[in-house]
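Chain and residue survey
One-letter residues, chain by chain:
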Amino acid sequence: MNIEPGHELPDLIKHPTTRQLVQYAGAQGDFYEIHYDQEFARSVGLPGVILHGLLKAAFLGQLVTDWLGERGTLKSFEVSYRGIDVPGRPYRCRGRVTSVVGGRAELEVWGEDPEGNRTTVGTAVVELTA
Amino acid sequence: MSAAQPVIDRLRARIGTPGPPTTAVVEAGHLKAFAEAIGDSYPRWLTEAPPTFLVALAPVTAHLPEAEEYGKGWLNGGNRFEYLEPVKVGDAITAIGKLVDVYEKTGSSGNLLFIIFETEYFNRHGRTVARLRGTAIRR
């Protein structure tokens, strides 16, 4: 099993759209207008509708679980939202193994906008199946 | 002292007091709709909750009308998930949330109010299956 410090996870590139924001709002039950009402979003000082932080968290969760597959279990997962992201721009999810100790691997994960700004950063801990 | 101090004091008075429990059953249709919405087609998510699904099962923050007296909008600052047991279709999950901290910070674009909450999720046997910590920001 090639899980060792420094190992990079395969990138996951998502293409969020306004349609996806509405779909996500419904699935999560988060109807805060900044995610689907352009005029409302601008009225609170945003450039327009923005991605839900938790949607970006879901993307990073997928990055980890796609990579991990059936080789282990996700034990914890933490993200900080450092910047806003808008639909219509690709969102690149990346990650790297930072340590492997006693069947547990720690990862750093992040999401980048097209300019390479890390607008979401986080960590994950996975327990590897022996 | 900030003009918002009365609002902050009212919120701080609620720190540590658990909100009312809410219980929901993990439904196959909801799992499917959630996986489609996040664009994750991993087959396991037809029967098991993907990493962030629990936020869709129960409200992630207690309703805090007084917080809306501060600033003009909400931002999500971050989330932390801890997983103890898998959550599967058919499971009845009870969520209990509480405020754990409230504080004001001065940022580059003005004052911000940070509201930290924690939610614990239990299965029908009373075992904790997951915990969620979140930072909500009023700006």
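The structure displayed is predicted, hence computed values, not measured ones. The numbers attached to residues start from 1 for each chain and follow its sequence in the written order. By the order in which they are written, chains take letters starting at A while ligands take numbers starting at 1. The model is predicted, so local features are restricted to residues of pLDDT at least 70 and side-chain atom pairs to those at 80 or more, both for listing and for counting; the totals for chains, interfaces and linings are taken over all residues.

1. Some points on the overall build of chain B
The cut-off we apply is this: Numbering of helices and strands starts at the N terminus; helices are DSSP runs of H or I of at least 4 residues and strands are runs of E of at least 2. Here the C-beta atoms are placed from the backbone, and a residue counts as buried if at least 20 other C-beta atoms lie within 10 Å of its own, exposed if 12 or fewer do, and partly exposed otherwise.
For chain B, the helix and strand inventory stands at three helices and five strands. When its helices and strands are written in sequence order, chain B yields α-β-α-α-β-β-β-β. Counting only residues that meet the buried cut, chain B has 32% of its 139 residues in that class.

2. Remarks on the sheet that holds strand β1 (residues 12–14) of chain A
Put simply, the rule is: For two strands to count as paired, DSSP must find a minimum of two bridges between them. Comment: axis = line fitted to C-alpha atoms, over the contacting stretch for helices; angle = value between 0 and 180 degrees taken between N-to-C directions. Two residues form a contact once the distance between their C-beta atoms, set from the backbone, is within 7 Å.
Here we have 10 strands laid out as an open sheet, ordered β1(A)-β3(A)-β4(A)-β5(A)-β2(A)-β2(B)-β5(B)-β4(B)-β3(B)-β1(B), and antiparallel in their pairing. Edge positions in the sheet fall to β1 of chain A together with β1 (22–25) of chain B, since each of these pairs with one other strand and no more. For this sheet, the mean inter-axis angle between neighbouring strands, taken without regard to orientation, is 25°. One ladder, built from 13 bridges, connects strand β3 (residues 92–107) of chain B with strand β4 (residues 110–122) of chain B; its direction is antiparallel. Along β4 of chain B, the bridge assignment pairs K105 of chain B with L112 of chain B. Running over the sheet, helix α1 (residues 5–12) of chain B touches β3 and β4 of chain B and is turned about 150° from β3 of chain B.

3. Notes on the interface of chain B and chain A
Quick reminder of the rule: Any residue that is not Ala, Val, Leu, Ile, Met, Phe, Trp, Tyr, Cys, Pro, Asp, Glu, Lys or Arg is counted as polar, Gly included; the first ten are nonpolar and the last four charged.
In this assembly, 24 residues from chain B lie in contact with 27 residues from chain A. Counting only elements with at least two residues in the side of chain B that touches chain A, the list comes to α2 (28–38), α3 (54–57) and β2 (74–83) of chain B. Of the residues that constitute the side of chain B that touches chain A, the class distribution is 12 nonpolar, seven polar and five charged.

4. Describing the pairing of strand β2 (residues 72–81) of chain A
When β2 of chain A meets strand β5 (residues 118–128) of chain A, the two strands line up antiparallel, connected through nine bridges. Each residue of the ladder has a partner; that of F77 of chain A, found in β5 of chain A, is A124 of chain A.

5. Quick word on α2 of chain B
The cut-off we apply is this: Each C-beta atom gives one direction from the helix axis, and the arc is the one those directions make.
For α2 of chain B, every residue scored as buried is listed here: L31, F34, A35, A37 and I38 of chain B. Summarising the axial view, the buried residues of α2 of chain B lie within an arc of 160°, below the 170-degree limit, and thus occupy one face. Opposite the buried face of α2 of chain B, at more than 90 degrees from it, the exposed residues are A28 and G29 of chain B. In the core, the buried residues of α2 of chain B are packed alongside α1 (18–28) and α3 (53–68) of chain A together with α3 of chain B.

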